[in-house]
Amino acid sequence: MHADWRHGARPPDQHGARPPEEHHSAEHSEVRAAVVKFLLMGVLALVLVALPVTFWVRAEAEDHALHEAILVTQRLADHTAGPFVTDKLLAGDPAAISELDQKVGPWLDKEGVLRIKIWSPDGKVVYSDQSALIGQVFELRAPERQLLAGGDATASLGHQQEFENQFESARGELVEVYVRFEATNGTPLIFEAYYDDEPLREEQQEVLFGMFPPLVLSLFALQLAQLPTAIRLARRIQANRTTGHRLLKHAVEASDLERRRIARDLHDDVIQDLSGLSYALESEELHGQGHNPLLTEARSILQRNVRKLREITTELYPPDLAEFGLPAALARLAGPVQDRGITLQLDLPADIDLDRDQSAMLYRVARESLANVAKHSHATNVRVSLTNDPGGAEISVADDGIGFDQAQGSAEGHSGLRILRDTFNAAGGTLEVRTAPGAGTTVKARLESPAAALL
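Residues numbered from 1 in each chain as written. Predicted model: local features only at pLDDT ≥ 70, side-chain atom pairs only at ≥ 80, totals over all residues. Heavy atoms only, no water.

A. Here's a closer look at the overall build of the protein. Along the backbone of the protein there are twelve helices and ten strands. For the protein, buried positions account for 36% of its 455 residues. If you take every contact in the protein between residues at least 6 apart in sequence, the share linking residues at least 24 apart comes to 65%. Total accessible area on the protein is roughly 25600 Å²; 56% of this is exposed by carbon and sulfur atoms. (Helix = DSSP H or I, 4+ residues; strand = E, 2+ residues; numbered from the N terminus. Buried < 20%, exposed > 50% of the residue type's maximum accessible area, 1.4 Å probe, protein only. Contact = heavy atoms within 4.5 Å. Areas by Shrake-Rupley, 256 points an atom, 1.4 Å probe, with all protein chains shown as cover.)

B. Seen up close, the pairing of strand E4 (residues 173-182). Of all the ten residues making up E4, seven are buried; the element is thus mostly covered by neighbouring parts of the structure. Note: strand E3 (residues 154-159) against E4, six bridges, orientation antiparallel. Residue His 159 lies in a different strand from E4, and its bridge partner there is Glu 173. Two elements, E4 and strand E5 (residues 188-196), share nine bridges in a ladder whose sense is antiparallel. Looking at the pairing, Arg 180 lines up with Ile 190 of E5. (Pairing = 2+ DSSP bridges.)

C. Looking closely at the packing of aromatic side chains. Here the structure, examined in full by the defined rule, presents two aromatic pairs. The interplanar angle of 80° and the centroid separation of 5.9 Å between the aromatic rings of Phe 181 and Phe 191 together place this pair among those described as edge-to-face. Of this pair, Phe 181 sits in strand E4 while Phe 191 sits in strand E5, and the two are ten residues apart along the sequence. The same class applies to Phe 181 and to Phe 191, which are both buried. (Phe/Tyr/Trp six-rings, centres within 6.5 Å; stacked < 30°, edge-to-face > 60°.)

D. Here's a closer look at the side chain of Thr 80. Locating Thr 80 in the fold gives a position in helix H1 (residues 20-81). Judged by its relative accessible area of 15%, Thr 80 is buried. Contacts of Thr 80, omitting those with residues within four sequence positions, involve Arg 75, Lys 103, Val 104 and Trp 107.

E. Structural context of a nonpolar patch on the surface. Taken together, the side chains of Val 43, Val 47, Leu 51 and Phe 55 present a nonpolar region at the surface, about 390 Å² in accessible area. Relative to the helices and strands, Val 47 is located in helix H1. (Patch = residues over 30% accessible without salt bridge, like charges linked within 9 Å, V, L, I, M, F, W, Y side chains within 5 Å. Salt bridge = Lys/Arg side-chain N within 4 Å of Asp/Glu carboxyl O.)

Now the structure itself:
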């Protein structure tokens, strides 16, 4: 209950509240933590958006480069090679082949074309800059047959591993383009060209470097534009949370005052009067004439009720909670449970840093749960655990009793837990009851720290 204040922090006041300057500092820290989380989420969103956009831009740049390669290859086929693909070249005339070599030579030397092949409809290579390929016959694939039938030209990027690629397979990835054109005699032919992939990669990089910075800057500017709104929202949430906690604190304080007043009135008036009446009956019984069973029974009833009322006043406002702290007050709850033959195991820290309101709420959970265990659970063992970490405080009460079916509603005596659950929800905490017929009951309640609740 009592925190260690040896490191320079100021202790709470007599009511368990923090000093005003520490309260405001805590609020600022919570808002700052929420804003930092907002910025981190923005960076994560930026990455999640930028990655698919990057792949999309790369794919678009590749499609654009392949389309440009088709246009270049079509011009090469129609205007440079086409006029020289004559009947003599189709027949394999060396002079016609040499003449075409001279025409396409500049493309091979300066324009980035690595290989040229011209195919006839029967799969024969009628021309290639690699003379060893001329005259060889390969089976045309479906795309080439569709191209000859009037289909669209195709371009692709990849490794060339087909039988006709014996001179290209070692060059890595290449741009392969197929276009349709006609020889001088009107015969439909396929013009195949291979290009180095480096210009395509360079174009992809240029497009990326051109689009990526504006995209990132735009998203970053959007994030900055939203930052003031995020700060205002975090402050508003914190203000509402502070107001809610303040109202709840006042309600808890009012409840404590009322409990204290009731306990005081019972102790000072009712219990004292009943105790006096018990003594009077005892005196009358001792000094009266003869034995009066009625007086004896009446005195016994009064004494039992006085003990019960004293137990009630202790439960209403336990002095240990205010004076010695939560762990000591919880330890005092062991008596009534153990009197019923139930073994109680307490797992309590020696010291815990909670204010009075939080301690009171956790104490009430333990008190209500242990009362239910003693009256209704038929348990033989029960364990009370209390933990405190930077995220908040948690108390757990677990028994090995008969349990109950939650689908049928709360068991007898659990209405107090329903009220406590509503109180915990209002305080930003949670209260959970886990049980099943024959499986015991576990009540677990947690109060988040203000900073953890904001995040």
